[in-house]
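These are the residues of each chain, in order.
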Amino acid sequence: MASRDASKGGIEALHRYWNSRAGGKAPQRSDIDPADLKPLLPFLYIVRYERDPFRVRYILTGTEADRWNGLNLTGRYIDEFLAPDIHGANRILLDAYREAFDTAAPVFCTYTWPTRAGYALEVRVGMFPLRVGDQIQQCLAIEDYSGFPAAIADDGIPFEDVVPKPSGAAKS
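Residues numbered from 1 in each chain as written. Predicted model: local features only at pLDDT ≥ 70, side-chain atom pairs only at ≥ 80, totals over all residues. Heavy atoms only, no water.

This brings us to the nonpolar core. Ranked by size, the top nonpolar core spans 46 residues in total, and within it Tyr97 and Met127 carry the most contacts. Elements represented by at least two residues in this core include exactly helix 1 (10-22), strand 1 (44-50), strand 2 (55-61), helix 2 (63-69), helix 3 (89-103), strand 3 (107-114), strand 4 (120-132) and strand 5 (135-144). In terms of residues, this core owes the most to one element, helix 3, which gives seven residues. Apart from residues lying up to four places away in sequence, Tyr97 is in contact with Tyr45, Val47, Tyr49, Phe54, Val56, Tyr58, Ile78, Met127, Cys139 and Ala141. (Core = buried A, V, L, I, M, F, W, Y, C linked by side-chain atoms within 4.5 Å. Buried < 20%, exposed > 50% of the residue type's maximum accessible area, 1.4 Å probe, protein only. Helix = DSSP H or I, 4+ residues; strand = E, 2+ residues; numbered from the N terminus. Contact = heavy atoms within 4.5 Å.)

We now examine the pairing of strand 5. Buried residues dominate strand 5, accounting for eight of its 10 residues. Where strand 1 meets strand 5, five bridges bridge the pair, whose relative direction is antiparallel. Paired with Tyr45 across the two strands is Ala141, which belongs to strand 5. Note that strand 4 and strand 5 share nine bridges and pair antiparallel. The residue of strand 5 that forms the bridge with Met127 is Ala141. In sequence, strand 4 turns back onto strand 5 through a hairpin of two residues, with Gly133 there showing a positive phi of about 70°. (Pairing = 2+ DSSP bridges.)

Once that is clear, we can look at the environment of Arg91. Secondary-structure assignment places Arg91 in helix 3. Residue Arg91 is classed as partly exposed on the basis of its relative accessible area of 40%. Distance in space between the C-alpha atoms of Arg91 and Asp79 is 8.1 Å, their sequence separation being 12 residues. Ignoring sequence-local partners within four residues, the contact set of Arg91 consists of Leu82 and Asp85.

Here we take up helix 1. Under the 1.5 Å per step criterion, the end-to-end length of helix 1 is 19 Å for 13 residues, consistent within 8% with the ideal 18 Å. Of all the positions in helix 1, only Gly10, Ile11, Leu14, Tyr17 and Trp18 are classed as buried. Projection of helix 1 onto a plane perpendicular to its axis shows the buried side chains occupying an angular sector of 130°, all on one side. Looking at the buried positions of helix 1, the neighbouring elements they touch are strand 1, strand 3, strand 4 and strand 5. Gly23 sits one or two positions beyond helix 1 and adopts a positive phi of about 60°. (Expected span 1.5 Å × (residues − 1). Arc of directions from axis to C-beta.)

On to helix 3. Compared with an ideal rise of 1.5 Å per residue, which puts 15 residues at 21 Å, helix 3 spans 21 Å between its outermost C-alpha atoms and is within 8% of the ideal. If you check which residues of helix 3 are buried, you get Ala89, Asn90, Leu93, Leu94, Ala96, Tyr97, Ala100 and Phe101. For helix 3, the buried positions fall inside an angular range of 165° around the axis, keeping them on one side. Summarising the contacts, the buried residues of helix 3 are in contact with strand 1, strand 2, strand 3, strand 4 and strand 5.

These figures capture arrangement, not role.
Next up, the structure:
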């Protein structure tokens, strides 16, 4: 299992890599070599965009991404999680994926991740659109979980109706 600190700096590293593939423009999906991203793989998401209606489908998720979500998201659509997400994290993600799709440029955002124990944690995200042919069809994304206090780092699972506590507060 990768440590939560292994994601630290991952957004910046992935941004540098993405920029290096096509001079700051959205690279071809075929230009992305997983071997170049080995330390980041557990934290990565690859999504496929669908048009008319616009939808975002997870086509590959890393082991740490799955662990933090509490399930494997591969094959699922982000809009499936909008209704049960009382904290709005998935709306933030869907809107950011849409922006990456529309602009063909990286998008960075932060959302609040509620835990089973009721803590509110801030998760940083970087999204990097990818071309297949001449269209943006996929996006490579990474989340940074490194800012979480060690005592609550394994309490993630976002879809429970809990009253958030400030980050770092004592467990009850």
